[in-house]
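Architecture and fold: a report
This is what each chain is made of:
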Amino acid sequence: MFMNSSILALVLGGITTLLLLIYGAYFGLKIALQWNPESATEEQLELEKRTYLVSTIVNYVLLFEILSLILFIYTVDDIHEIIPGAMCATGSLNANRFGFPTLLVKLFTFFLYGSWIVLNHIDRKAEDTPLIKTKYLFLLGIIPFAVLENTLMIAYFAKIDPETLVSCCGVVFNPGGKVTSVLSPLPKGEMMGIFFGGFLFLLLLGLAMYWRGGRLIAYLFSASSMAFLVISISSIISFISGYIYQMPTHPCPFDFLQREYHYVGYPLYIALFGGALFGLAVGIVEPFETRYRSLTKAIRDFQKKAVLLSMAGFSVFTSISVWYIMRFILL
Amino acid sequence: MSKERHKHILSFSITSLLRRKGKNLSIFLIYTLMVFLLGSVVFFVSAIKREAATTLKGAPDIVVQQIRAGRHDLIPTEYMEKVRTIRGVTKVIPRVWGYYFDGPTQSNYTIIGMDGESYEAFRDRIPFLSPEEAPIGNGKVLIGKGIARSRGLKRGGHFYLLRSDGGLKTFEVSGIFSGRSSLLTHDLIVMSEKDVRELFLIPARYSIDLAVYVRNKEEIETIARKIGEVLPGTRAVIKEQITKSYETVFGWRSGLVFTALLGTVLAFAILSWDKATGLSADERKEIGILKALGWRIEDILEMKFWEGLTISLTAFLAGIILAYIHIFFFGSYLVAPAIKGWSVLYPPFNLNPYMDAGEVFMVFFITVVPYTVATLIPVWRSSTIDPDEVIRGI
């Protein structure tokens, strides 16, 4: 099963990134343990230089992670042709019990790397870099997830059996299917209400955050944007995908990544996850706002930007969805 | 202000790349070559898969073959009545066809016997087969481009084939298949069923196999099993099995070639690591001076990032464009022998140009990631050079 060029690319890319990350985390640990801004020794100078190395590494790792996520979706979507019963990525991911966990862990690590980069970005704004220990210990904490992600992915690809019949989107996401009952327990009408209601609520919250700010609003916005991510994915399964396919009986969150639908899934998901990451970032930096004087201004400025970007991402996502709904209703 | 800064660093990086043409050109060329090779493999495989899929679209859902002593044998044509009575079967067509080895040109021809109705069905189910409404029958045949070329035949020309008993049979070319369906028709001769029987001496009561069409695709497997029950001693081959084995075979072959090429990627990564590490005295001096002028580590890193990105993108684009031209306009000479290799008479088929965004992205991933990783640490090292060390010439 490893004899497929995309799978080879993914596995090799994954291992390379993991090694790079471990290399970076090793120096991260050294920095976290030996950091002493008061000292002017050669070791301290060397450590300061190393911080640039580590942050460059993690920046690239995040970039590769995003690329690998896209390639993973593409590959899984592509190999449905050799798996009996599979018509899109759903079927391929169902080929064994590692498929969906791989995707979930990949999404989770995406948020982890994103959060690290946000912390690093903020920290660099201050002369005394007060977050230095926090962020390097956090980096160390990411390693197990990165290892898990790659192990799951390799297990998934290794265990795909082209002889076993799988169930695909038609079964999995239809009312009464296993996934539907968890992700969209509500009927379409109510789901639409929650989706658009949630979107408006998020916009209002975002505006409040932008004009007024405040600890509670920051946390609320952050939590809401993660909740909205879940609501959006449920809505994709519940009604948005149906409008894209112009076929209400086909609730699949992967088919619209294919060429037939002009790859609309990619901008849709990139906007959604981008919005969620910036939303999360607003809350991630919040605890440090008052703790470190040197960071207060940088954090406030950053939060304003992040709120706008988050709202922009969610708006793009919602606009594309609305466009498809309008097209269906008007044409 | 900050946007301006990025722009200036970018323009500085590009001029700095151009200043060191020699060093960067070698990396650029090898980078391009690597993208070209990997891109060629990927394009070729996906194009050939598509071609095969097009071909198989016209194939019957089930093919019933007679097996005797473990070998494929002639099937009694009357069996079709038994198959037809199975519920869900829409059509059964007894087929008469075969392979003909042509001594003088050292190649195999595929010969299919078809009359009015079956030819129309054949033509309708396969896109871009041939626009010609040429008659077949009575020695009149349609031939593929490969045969036309190797025998120097034109429309209206005459040629002969050896009958199975050694006698000669003359044919007249009434049409030549167009190039777009070449994978299917390159070595094909379509003649009337009667002519095929005469050529291969097939008795009238027998056919080569039975093509079965099924109404509901979900039922194919059940029907195939029933055919096995009704007609013991036959074998029912399902279309999906053929599609899947094509998929697997090409996937596997491309993976093999791809694995072999990964060595190239590794060698390239080592080369770019080496180039990035071995900074010349001039380059060290330049970085030192920049830092003395007030450039920060971030700025040097950004400059190197732009340099790397410029090299990556230009080399990637050049490689992909070359691979595209190679596969779709120059007959894929470099990769075809490694991946294709099935029949003899298949040299020059032109694949239909096609580019899948995902595949291009995959090639990007497997070339750009190693390059970036390999140069990351050397780049960081060069960005932390101490200005006073360099300027004092230590």
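Let us look at the structure shown here. (Residues numbered from 1 in each chain as written. Chains lettered and ligands numbered in written order. Predicted model: local features only at pLDDT ≥ 70, side-chain atom pairs only at ≥ 80, totals over all residues. Heavy atoms only, no water.)

Taken together, the contact pairs 35 residues of chain B with 32 residues of chain A. Carbon and sulfur atoms make up 75% of the surface buried where chain B meets chain A, a total of about 3,100 Å² over both sides. Counting the surface chain B buries against chain A, the share from its top three residues, B:Phe365, B:Leu376 and B:Trp380, is 21%. Where chain B packs against chain A, one counts one salt bridge. Here B:Asp386 ties to A:Lys49 by a salt bridge, and the two come within 3.8 Å at their closest N and O atoms. Looking at which element gives the most residues to the side of chain B that touches chain A, the answer is helix 13 (residues 357-383) of chain B, with 14 residues. Of the residues that constitute the side of chain B that touches chain A, the class distribution is 21 nonpolar, eight polar and six charged. (Contact = heavy atoms within 4.5 Å. Buried area = accessible area lost by both parts, 1.4 Å probe. Salt bridge = Lys/Arg side-chain N within 4 Å of Asp/Glu carboxyl O. Helix = DSSP H or I, 4+ residues; strand = E, 2+ residues; numbered from the N terminus. Nonpolar A, V, L, I, M, F, W, Y, C, P; charged D, E, K, R; others polar.)

Attention now moves to the packing of helix 10 (residues 281-292) of chain B against helix 11 (residues 297-329) of chain B. Residue and element names in this part refer to chain B. In contact at an axis separation of 10 Å, helix 10 and helix 11 are set at 135 degrees when each is read in the N-to-C sense. Classed by the angle they form, the pair helix 10 and helix 11 counts as oblique. In terms of crossing hand, the pair formed by helix 10 and helix 11 is right-handed. Residue-level inspection shows Ile-287, Leu-290 and Lys-291 of helix 10 in contact with helix 11, the latter providing Ile-297, Ile-300, Met-303 and Lys-304. Residue composition of the contact of helix 10 with helix 11, grouped by class: five nonpolar, no polar and two charged. (Axes fitted to C-alpha atoms, helices over the stretch in contact; angles between N-to-C directions. Parallel < 35°, antiparallel > 145°, perpendicular 65-115°, else oblique. Left-handed = near helix turned anticlockwise from the far one by under 90°.)

Moving on, we come to the packing of aromatic side chains. One pass over the full model with this rule turns up 40 aromatic pairs over all chains. Judged by centre distance (5.2 Å) and plane angle (75 degrees), the rings of A:Tyr243 and A:Phe328 are edge-to-face. Remark: A:Phe328 occurs in helix 12 (residues 296-330) and A:Tyr243 occurs in helix 9 (residues 215-245); sequence separation between them is 85 residues. The exposure class assigned to A:Phe328 is partly exposed, which follows from its relative accessible area of 34%. For the pair B:Trp97 and B:Tyr99, a centre-to-centre distance of 5.5 Å together with 85 degrees between the ring planes defines the contact as edge-to-face. The exposure class assigned to B:Tyr99 is exposed, which follows from its relative accessible area of 56%. Clustering of aromatic rings is evident, with ring pairs tying together A:Phe110, A:Phe111, A:Tyr245, A:Phe256, A:Tyr261, A:Tyr269 and A:Phe273. Sitting over the face of the ring of A:Phe27, A:Arg50 holds its NZ or CZ atom 4.0 Å from the ring centroid. The positively charged end of B:Arg19 is found above the aromatic ring belonging to B:Phe12, 5.8 Å away from the centroid. (Phe/Tyr/Trp six-rings, centres within 6.5 Å; stacked < 30°, edge-to-face > 60°. Buried < 20%, exposed > 50% of the residue type's maximum accessible area, 1.4 Å probe, protein only. Lys NZ or Arg CZ within 6 Å of the ring centre and 35° of its normal.)

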